[in-house]
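Here are the chains, one letter per residue:
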Amino acid sequence: MKILSYQSKIIKKEYLNSDIFHLKLIKPNGYTFLPGQFLQTIFVDLKRSYSIFSKPSDETIDLCIKLLSGGVASEMFKNIEIGEEITISQPMGHFTILEDDIERTYIATGSGLAPIISMIRTSLEDYEHKSKIYLLFGLRYIENIFYQKELEALVNKYPNFSFDITLSRPTTSWIGKNGRVSVNLAEKIIDKKNNLFYLCGSPEMVKDVRKILIDNKIDTKNIKFEIF
Ligand SMILES: Cc1cc2nc3c(=O)[nH]c(=O)nc-3n(C[C@H](O)[C@H](O)[C@H](O)COP(=O)(O)OP(=O)(O)OC[C@H]3O[C@@H](n4cnc5c(N)ncnc54)[C@H](O)[C@@H]3O)c2cc1C
C-alpha cells in the first residue's frame, strides 16, 4: 500500500523538560486521524514513528518527542527550527479508542504519554465520556515531570478523570507516589476487571505491566498497548 505523505510547517517548538519537547505542526488540509494513532516523520530515507499528542479536533498536529543521545532522528529534531517544513506520513496504527463510554485505565511512561493524552482529551472533551478515566504516569526524576498542570486542569474540569504521577527515583521533597508504574498498579486493578487498559512506553514497562494485569485475571482483549 502506498503511504501518503504531506508537507507540514513547524509553528512551535517548546521543551517540556530537558529532553522532551513539544512540536506543533500546521495540520495539512484534509488530514484526519484517530486519537492514539501515530505518524512517521520522513527525512529523505530516515523514517521514525511519533504518536500524535494533539486530539483530532485540534487545529494543529502536535508531537511529543524525547531526544535520545546519539539517536539519528533525535539529532535532527534537536536542530530543527520554527518555520521549517517537514514531511509527515498519513496517520497509522490501531492503538486507539472507540466512542463507547467504558471505564478506562491508562498507564504511560515518559513520552508514552503522547497517544494517551490524545485519547483522554478526546474522551473527555469531545465524546463527553462520563465513566471513570484514570491515568498512572511514570517518570524517573522530579525534573522529568511534564504536562502536570494540564492534567490538573483536566481533573478540575472533569470529575470522572483522575491521575497519579509516580517517580522511580524521587527526591525527599516529592510527596507523590514512588516507584515504577508496575509497583503502583495493584491498588488500581482491584475491582477493575471490566476496565479497558491502555499501556504506552518502553518495552520493559509494557511487558511488566501486561504480565501483572494478566496475572490479575484481566482478559488480554481488554489490554491494548503501544511500545516505543
Ligand atoms: C508506534 C511508535 C510510536 C512512537 N511514538 C513516539 C513518540 O510519541 N515520542 C517519542 O519520543 N518517540 C516515539 N517513538 C520512538 C521513535 O520512533 C524513535 O524510535 C525515537 O525517537 C528514536 O529515534 P532516533 O532516530 O533518535 O534513534 P536511533 O538512531 O533509532 O537510535 C535508537 C537508540 O540507539 C541509541 N543510539 C543510536 N546511535 C548510537 C550510538 N552511536 N551509540 C550509542 N547509542 C546509540 C540511541 O540513543 C537510541 O537509544 C515511537 C515509536 C513507535 C514504534
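Structure's up top.
Thresholds applied
Residues numbered from 1 in each chain as written. Predicted model: local features only at pLDDT ≥ 70, side-chain atom pairs only at ≥ 80, totals over all residues. Heavy atoms only, no water. Helix = DSSP H or I, 4+ residues; strand = E, 2+ residues; numbered from the N terminus. Buried < 20%, exposed > 50% of the residue type's maximum accessible area, 1.4 Å probe, protein only. Contact = heavy atoms within 4.5 Å. Near = heavy atom within 4 Å. Polar contact = N/O pair within 3.5 Å; in protein donor to acceptor, adjacent residues only side chain to side chain. Areas by Shrake-Rupley, 256 points an atom, 1.4 Å probe, with all protein chains shown as cover. Domains from an automatic or database assignment. Pairing = 2+ DSSP bridges. Axes fitted to C-alpha atoms, helices over the stretch in contact; angles between N-to-C directions. Phe/Tyr/Trp six-rings, centres within 6.5 Å; stacked < 30°, edge-to-face > 60°. Lys NZ or Arg CZ within 6 Å of the ring centre and 35° of its normal. Core = buried A, V, L, I, M, F, W, Y, C linked by side-chain atoms within 4.5 Å.

1. Digging into the side chain of Asn 222
By secondary structure assignment, the location of Asn 222 is in the loop between helix H5 (203-215) and strand E12 (223-227). Residue Asn 222 is classed as buried on the basis of its relative accessible area of 13%. If near-sequence neighbours (up to four positions away) are discounted, Asn 222 is found in contact with Lys 193, Asn 195, Leu 196 and Phe 197.

2. Some words on the site of the ligand
The environment of the ligand is made up of 20 residues, and the closest members are Arg 48, Ser 49, Ser 69, Ala 73 and Ser 74. Between the ligand and the protein, one listed contact pairs an oxygen atom with a backbone N or O atom of Lys 66 at 2.8 Å. Within the side chain of Ser 111, an N or O atom sits 3.5 Å from an oxygen atom of the ligand. Calculation on the ligand without its partners gives an accessible area of 970 Å², and the protein chains cover 62% of this total. Within the residue set of the shell around the ligand, elements represented by two or more residues are strand E4 (46-51), strand E5 (60-66), helix H1 (72-79) and E12. The element contributing the most residues to the shell around the ligand is E4, with four residues. When residues of the shell around the ligand are assigned to domains, at least three fall in each of domain 1 (5-89) and domain 2 (104-227).

3. As for the sheet that holds strand E7 (residues 104-109)
Spatially, the six strands line up as an open sheet ordered E10-E9-E8-E7-E11-E12, and their pairing is parallel. Every interior strand has two partners, whereas the edge strands, strand E10 (177-178) and E12, have only one. In this sheet, E12 lies alongside strand E11 (residues 196-201) in parallel orientation, the contact comprising five bridges. Residue Leu 199 lies in a different strand from E12, and its bridge partner there is Phe 225. Strands in contact with helix H2 (residues 113-126) are E7, strand E8 (133-139), strand E9 (161-167) and E11; relative to E7, the strand with the most contacts, it is inclined by about 150°. Together, E8 and E9 form the strand contacts of helix H3 (residues 148-157), whose direction differs from that of E9 by roughly 150°.

4. A short note on the packing of aromatic side chains
By the definition in use, this model includes ten aromatic pairs. Taken together, the ring pairs connect Tyr 15, Phe 21, Phe 43, Tyr 50 and Phe 77 into an aromatic cluster. Against the face of Phe 21 rests Lys 13, its NZ or CZ located 5.0 Å from the ring centre.

5. Some remarks on the environment of Thr 105
Along the chain, the position of Thr 105 falls in strand E7. The class for Thr 105 is buried, based on a relative accessible area of 2%. Aside from chain neighbours lying at most four places away, what touches Thr 105 is Tyr 134, Lys 192, Asn 195, Leu 196, Phe 197 and Tyr 198. Within the local environment of Thr 105, its side chain forms a polar contact with the side chain of Asn 195, the two groups lying 2.7 Å apart.

6. Re the nonpolar core
Judged by nonpolar contacts, the single largest core of 32 residues is most densely connected at Tyr 106, Ile 116, Ile 120, Leu 135, Phe 137 and Phe 161. Within the residue set of this core, elements represented by two or more residues are E7, H2, E8, H3, E9 and E11. Considering each element in turn, this core owes the most residues, seven residues, to H2. Residue contributions to this core reach at least three from each of two domains, namely domain 1 (5-89) and domain 2 (104-227).

7. A word on the sheet that holds E4
Strand order in the open sheet made by the six strands is E4-E3-E6-E1-E2-E5, with antiparallel pairing throughout. The outermost strands of the open sheet, each flanked by one partner alone, are E4 and E5. Mean inter-strand twist for the sheet, computed between neighbouring axes without regard to direction, equals 40°. Across five bridges, the pairing between strand E1 (residues 5-15) and strand E6 (residues 85-89) is antiparallel. Pairing of Ser 5 across the sheet is with Ser 89, part of E6. Against the sheet, H1 contacts E1, strand E2 (20-26), strand E3 (38-43), E4 and E5, and its axis sits at roughly 75° relative to E4.

8. A word on the pairing of E4
The pairing of E3 with E4 spans six bridges and is antiparallel. Across the sheet, residue Leu 39 finds its bridge partner in E4, namely Tyr 50.

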